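One-letter residues, chain by chain:
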Amino acid sequence: MAPTMSTDSFDLTDFVINKGNGVKGLSDLGLKSLPKQYIQPQEALINIIPHESIPVIDMSNWDSDPKVAESICDAAEKYGFFQLVNHGVPLEVLDGVKDATHRFFGLPAEVKRNYSKELSSTNNVRFGTSFSPDAEKALEWKDYLSLFYVSEDEASALWPSACKDECLEYMKRSEILCKKLMGVLMERLNVKEIDEKKESLLMGNGVKGLSDLGLKSLPKQYIQPQEALINIIPHESIPVIDMSNWDSDPKVAESICDAAEKYGFFQLVNHGVPLEVLDGVKDATHRFFGLPAEVKRNYSKELSSTNNVRFGTSFSPDAEKALEWKDYLSLFYVSEDEASALWPSACKDECLEYMKRSEILCKKLMGVLMERLNVKEIDEKKESLLMGSKRINLNYYPRCPNPNLTIGVGRHSDVSALTFLLQDEIGGLYVRVNEGKGEEDGWVHVPPIEGSLVINVGDALQILSNGRYKSIEHCVIASGSKNRISIPIFVNPKPSDVIGPLPEVLASGEKPKYKNILYSDYVKHFFRKAHDGKKTVGFAEI
Ligand SMILES: COc1cc(/C=C/C(=O)SCCNC(=O)CCNC(=O)[C@H](O)C(C)(C)COP(=O)(O)OP(=O)(O)OC[C@H]2O[C@@H](n3cnc4c(N)ncnc43)[C@H](O)[C@@H]2OP(=O)(O)O)ccc1O
Ligand SMILES: O=C(O)CCC(=O)C(=O)O
Ligand SMILES: [Fe+2]
């Protein structure tokens with residue numbers, strides 16, 4: 001125990017404030033009486049009365065019992081204070097941050113004073129004592145460390161290592177609770193929805209943030225007009241092609257070309273992309289979307305340091321009548337170095353690996369599809385037209401309160417040459433069949449198959465093949481109970497390529513159906529409007 005001493009003989013302000021000892025340092029001296037600087041005037045003291053305390057609210061039944069939300073709002077109105085139990089923030093996270101607090105204040109004074117107003121390298125980290133020592137008649141018996149959150153990176157760099165991980169974890173793990181409380185408190189004020197566009201786009205919460213609020217019904221901005229919804233019909237689904245015998249059986253290649261002509265969509269199994277690579281990129285997708293909104297919003301159109309990395313929600317929110325129930329991260333591949341520097345670290349390695357390991361498959365498919373078009377060799381120019389650029393999207397469709405009133409992705413065809421889509425086990429992808437054939441025209445489900453890849457022809461290949469290969473409309477319906485992810489790799493022409501029907505296809509005298517068009521103009525046209533089925537192709541039609 002520290003020796004006891006009188007504080008009359010030394011400069012208390014210097015010891016407590018300047019030297020970084022705080023009141024903890026004073027207390028550790030083993031004082032027998034309160035130094036006079038801490039003696040509060042009578043009016044600052046309080047009278048404690050016998051009275052019931054503030055309400056204690058059990059949140060266990062939050063999902064099933066609306067009374068929980070009601071009692072929170074009542075308590076906020078009546079007392080402005082309440083205690084929550086079973087709130088969903090794990091006990092070990094709370095214990096962790098309590099331990100970390102003791103660890104920080106247990107550091108030597110010389111270490112703690114580096115975070116004082118005078119010495120701290122940032123205004124966002126401040127160690128201090130009392131509340132406002134210069135303004136107070138009497139000092140308060142408290143030391144504090146105050147941390148203003150800007151971003152995970154800034155916190156990692158600047159917050160004291162004795163407590164930063166635990167503080168970040170506590171902040172992160174209390175976010176859902178915070179959104180739940182704000183949601184119900186706003187509902188009581190008749191704010192029926194939080195302004196989704198502002199929330200989703202500027203705050204980085206996306207529809208995932210909305211879904212995490214535990215909404216019981218779909219906000220009106222997401223209710224799609226009847227014509228955007230689909231009629232699901234009983235019909236066989238798209239072909240499933242087993243590539244095991246690719247090397248020995250030419251029928252495998254044939255069935256791929258047949259499916260590309262007839263359906264524009266097929267699933268591949270035993271395609272050679274390792275299962276662990278597919279699992280890796282699925283895990284990475286959940287990791288990215290699980291990041292705090294403040295981190296994800298750094299990749300939004302407004303804040304991203306590059307056009308090649310974009311976090312967004314819906315498809316084209318400014319152009320859409322109703323929003324889509326989907327968040328996405330879109331990564332345009334330029335080079336491994338650029339990706340390493342700019343893609344989010346939560347997912348970049350896995351996305352690069354998935355792109356790399358699907359390259360052989362991509363070349364195999366392009367090879368046989370071109371053979372059927374009488375393209376004998378894929379030279380440099382053809383390679384650019386068919387696979388000169390790649391984009392990988394991570395799509396996140398959160399659990400949706402009324403999935404039948406909205407759409408995850410509206411009906412569209414891809415503007416790629418080919419798309420390699422990895423979907424998880426939840427399901428929800430629908431493809432249009434028998435377009436224009438009256439009652440037979442409808443939508444079929446693409447059932448998830450463990451380890452499979454869904455391949456579809458995009459507009460660019462439809463145009464290059466003069467309509468022989470079909471880019472088919474598809475759309476997604478979100479799940480009412482689970483968060484779904486999908487990860488398409490869009491294999492495209494280079495933005496600077498001019499696309500039009502290939503000379504080999506027209507060699508027999510076939511009339512071109514499409515004009516030559518700069519690919520980046522085509523893509524910009526696609527991105528600037530809402531999803532509208534196959535209308536983008538009209539932009540290139542003769
Ligand atoms: C997101 O939900 C989706 C996405 C899809 C995607 C289906 C595909 O097939 S993606 C394959 C597209 N092909 C390529 O990316 C390769 C060619 N790329 C290019 O030519 C260019 O990179 C570019 C896409 C045209 C962008 O060029 P840039 O000079 O950077 O032009 P900007 O002015 O920034 O953008 C133009 C316009 O597009 C919007 N936009 C750009 N990138 C994206 C993106 N990744 N996701 C969504 N929107 C994007 C951008 O906001 C601009 O619009 P403004 O209205 O803001 O002017 C299928 C289904 C989905 O639901
Ligand atoms: O999520 C899916 O299954 C399909 C997504 C899609 O069509 C796209 O991103 O272009
Ligand atoms: Fe698509």
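Residues numbered from 1 in each chain as written. Chains lettered and ligands numbered in written order. Predicted model: local features only at pLDDT ≥ 70, side-chain atom pairs only at ≥ 80, totals over all residues. Heavy atoms only, no water.

Visitor: Go over the sheet that holds strand 15 (residues 474–476), please, and point to the residues and values.
Guide: Spatially, 10-15-12-13 is the arrangement adopted by the four strands of the open sheet, whose pairing is antiparallel. Each end of this open sheet is capped by a strand with a single partner; those strands are strand 10 (409–412) and strand 13 (442–445). For this sheet, the mean angle separating the axes of adjacent strands, direction not counted, is 25°. Sheet topology places strand 12 (residues 429–433) next to strand 15; three bridges connect them, and they run antiparallel. Following the sheet pairing, Leu-429 is matched in strand 15 by Val-476. (Pairing = 2+ DSSP bridges. Helix = DSSP H or I, 4+ residues; strand = E, 2+ residues; numbered from the N terminus. Axes fitted to C-alpha atoms, helices over the stretch in contact; angles between N-to-C directions.)

Visitor: Account for the coordination of the iron ion (ligand 3), naming residues and giving values.
Guide: Summarising the metal site, the iron ion (ligand 3) is bound by the protein donors His-412 (NE2), Asp-414 (OD) and His-474 (NE2), whose distances to it range over 2.1 to 2.2 Å. Of note, the iron ion (ligand 3) draws all its donor residues from one chain, in the sequence arrangement H-x1-D-x59-H. In this pair, His-412 is assigned in strand 10 and His-474 in strand 15, connecting sequence segments 62 residues apart. Take His-412 and His-474: they sit in the same class, and that class is buried. (Donors = N, O, S within 2.8 Å, 3.2 Å for Na, K, Ca; no water. Buried < 20%, exposed > 50% of the residue type's maximum accessible area, 1.4 Å probe, protein only.)

Visitor: I'd like a description of the site of ligand 2, backed by residues and values.
Guide: If you check the shell around ligand 2, you find Asn-395, Tyr-397, His-412, Asp-414, Leu-421, Leu-429, His-474, Val-476, Arg-484, Ser-486, Pro-488 and Phe-490 and nothing else. In this structure, Asn-395 approaches ligand 2 through a side-chain N or O atom, which is 3.1 Å from an oxygen atom. Contacts to ligand 2 include Ser-486, whose side-chain N or O atom sits 2.6 Å from an oxygen atom. A total of 290 Å² of accessible area belongs to ligand 2 in isolation, and the protein chains cover 95% of it. Every element with two or more residues in the shell around ligand 2 is listed here: strand 9 (389–397), strand 15 and strand 16 (484–492). Per element, the largest residue contribution to the shell around ligand 2 is four residues, and it comes from strand 16. (Near = heavy atom within 4 Å. Polar contact = N/O pair within 3.5 Å; in protein donor to acceptor, adjacent residues only side chain to side chain. Areas by Shrake-Rupley, 256 points an atom, 1.4 Å probe, with all protein chains shown as cover.)

Visitor: Account for the packing of aromatic side chains, with residues named and values stated.
Guide: If you walk through the whole model with that rule in mind, you get 17 aromatic pairs. Ring centres of Phe-289 and Phe-311 lie 6.3 Å apart, and the angle between their planes is 50°; this geometry places the pair in the tilted category. Placement of the pair is Phe-289 in helix 12 (residues 275–289) and Phe-311 in strand 7 (residues 309–313), with a sequence separation of 22 residues. Given the relative accessible area of 1%, Phe-289 is considered buried. With a relative accessible area of 5%, Phe-311 lands in the buried category. Taking the centre distance of 6.3 Å and the plane angle of 75° together, the rings of Tyr-333 and Trp-343 count as edge-to-face. Remark: Trp-343 occurs in the loop between helix 14 (336–342) and helix 15 (348–357) and Tyr-333 occurs in strand 8 (residues 327–333); sequence separation between them is ten residues. Residue Tyr-333 is classed as partly exposed on the basis of its relative accessible area, which comes to 28%. Residue classification places Trp-343 among the buried residues on the basis of a relative accessible area of 2%. An aromatic cluster is built from Phe-288, Phe-289, Tyr-299, Phe-311 and Tyr-396, whose rings are joined through pairwise contacts. (Phe/Tyr/Trp six-rings, centres within 6.5 Å; stacked < 30°, edge-to-face > 60°.)

Visitor: Describe the domain arrangement of the protein, listing the residues and the values that go with them.
Guide: Parsing the protein into structural domains produces domain 1 (12–199) and domain 2 (232–540). Computed from C-alpha atoms alone, the centre-to-centre distance between domain 1 and domain 2 is 47 Å. Listed as interface residues are seven residues of domain 1 and, on the opposing side, six residues of domain 2. Of the roughly 570 Å² buried at the junction of domain 1 and domain 2 (both faces included), carbon and sulfur atoms supply 59%. In this assembly, domain 1 and domain 2 are joined by zero salt bridges. If you look at where domain 1 meets domain 2, you find zero residue pairs in polar contact (both at pLDDT 80 or more). Class assignment for the residues of the side of domain 1 that touches domain 2 results in two nonpolar, no polar and five charged. (Domains from an automatic or database assignment. Contact = heavy atoms within 4.5 Å. Buried area = accessible area lost by both parts, 1.4 Å probe. Salt bridge = Lys/Arg side-chain N within 4 Å of Asp/Glu carboxyl O. Nonpolar A, V, L, I, M, F, W, Y, C, P; charged D, E, K, R; others polar.)

Visitor: Any chance you could break down the sheet that holds strand 6 (residues 265–269) for me, citing the residues and the numbers?
Guide: Read across the sheet, eight strands follow the order 5-6-14-11-16-9-8-7 without closing on themselves; strand pairing throughout is mixed. Each edge of the open sheet carries a strand with a single partner, namely strand 5 (240–242) and strand 7. Neighbouring strand axes in the sheet, compared pairwise and without regard to direction, differ in orientation by 20° on average. In this structure, strand 5 lies alongside strand 6, joined through three bridges in parallel fashion. Its bridge partner lying in strand 6, Asp-242 is registered against Val-269.

Visitor: For the site of ligand 1, give the residues involved together with the corresponding values.
Guide: By nearness alone, 27 residues border ligand 1, and Lys-301, Arg-310, Lys-326, Arg-391 and His-531 come closest of all. One of the side-chain nitrogen or oxygen atoms of Lys-301 is found 2.4 Å away from an oxygen atom of ligand 1. Note that a nitrogen atom of ligand 1 is positioned 2.9 Å from one of the side-chain N or O atoms of Ser-330. Protein burial of ligand 1: of its 1,100 Å² of free accessible surface, 84% is covered by the chains. For the shell around ligand 1, the secondary-structure elements that each account for two or more residues are strand 8, strand 9, strand 10, strand 16 and helix 20 (519–527). Ranked by residues supplied to the shell around ligand 1, first place goes to helix 20 with six residues. Of the residues assigned to the shell around ligand 1, the class counts are eleven nonpolar, nine polar and seven charged.

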